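Geometric and topological summary
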Amino acid sequence: MGRLFPRLTDRLMEAVGYWAQETRNPGIPTRRDNLYRPREDGAERSSLGYPVVLKNSPYLQVQMHPAATAAILGGLALGLAAVSRARR
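**Here's the deal with the pattern of salt bridges**
Side-chain pairs of opposite charge can arise whenever the charged atoms involved come near each other. Here the structure, examined in full by the defined rule, presents 2 salt bridges. D10 is paired through a salt bridge with R7; the nearest N and O atoms lie 3.7 Å apart. Remark: R7 and D10 occur in helix α1 (residues 6-21); sequence separation between them is 3 residues, near one turn of the helix. Since its relative accessible area comes to 38%, D10 is described here as partly exposed.

**Looking at a nonpolar patch on the surface**
Nonpolar side chains collect at one region of the surface, where M1, L4, F5, L8, L12, M13, V16 and W19 lie side by side and expose about 890 Å² of accessible area between them. Position of F5 among the secondary structure elements: in the segment before α1. We classify F5 as partly exposed; its relative accessible area is 47%.

**Quick look at the confidence of the model for the protein**
Should pLDDT be low for a region, the predicted coordinates there are not to be read in detail. On average, residues of the protein carry a pLDDT of 82, and 77% of them reach 70 or more. The least confident element of the protein, judged by mean pLDDT, is α1 at 88; the most confident is helix α3 (residues 66-87) at 95.

Conventions adopted
- Residues numbered from 1 in each chain as written.
- Predicted model: local features only at pLDDT ≥ 70, side-chain atom pairs only at ≥ 80, totals over all residues.
- Heavy atoms only, no water.
- Salt bridge = Lys/Arg side-chain N within 4 Å of Asp/Glu carboxyl O.
- Helix = DSSP H or I, 4+ residues; strand = E, 2+ residues; numbered from the N terminus.
- Buried < 20%, exposed > 50% of the residue type's maximum accessible area, 1.4 Å probe, protein only.
- Patch = residues over 30% accessible without salt bridge, like charges linked within 9 Å, V, L, I, M, F, W, Y side chains within 5 Å.
- Areas by Shrake-Rupley, 256 points an atom, 1.4 Å probe, with all protein chains shown as cover.
- pLDDT = per-residue confidence, 0-100.

Have a look at this one:
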């Protein structure tokens, strides 16, 4: 987005960038910080309890399954072509 719309990206980051990275939830104090020493409980994830944690990215899935990705994109292209043809 920054490459295609640099000023729009700047404005968006100015508006929500700081807010999107902050929380008022203090988390569990003994699990909060591991910057200077390991956490006491040995946990690898945050104690803030975000609802969705992705194990891997959609981009990684696309790279790992190129045939399935090609089939899905081909099906979408055919569907769009059929819709476009039906509107004419």
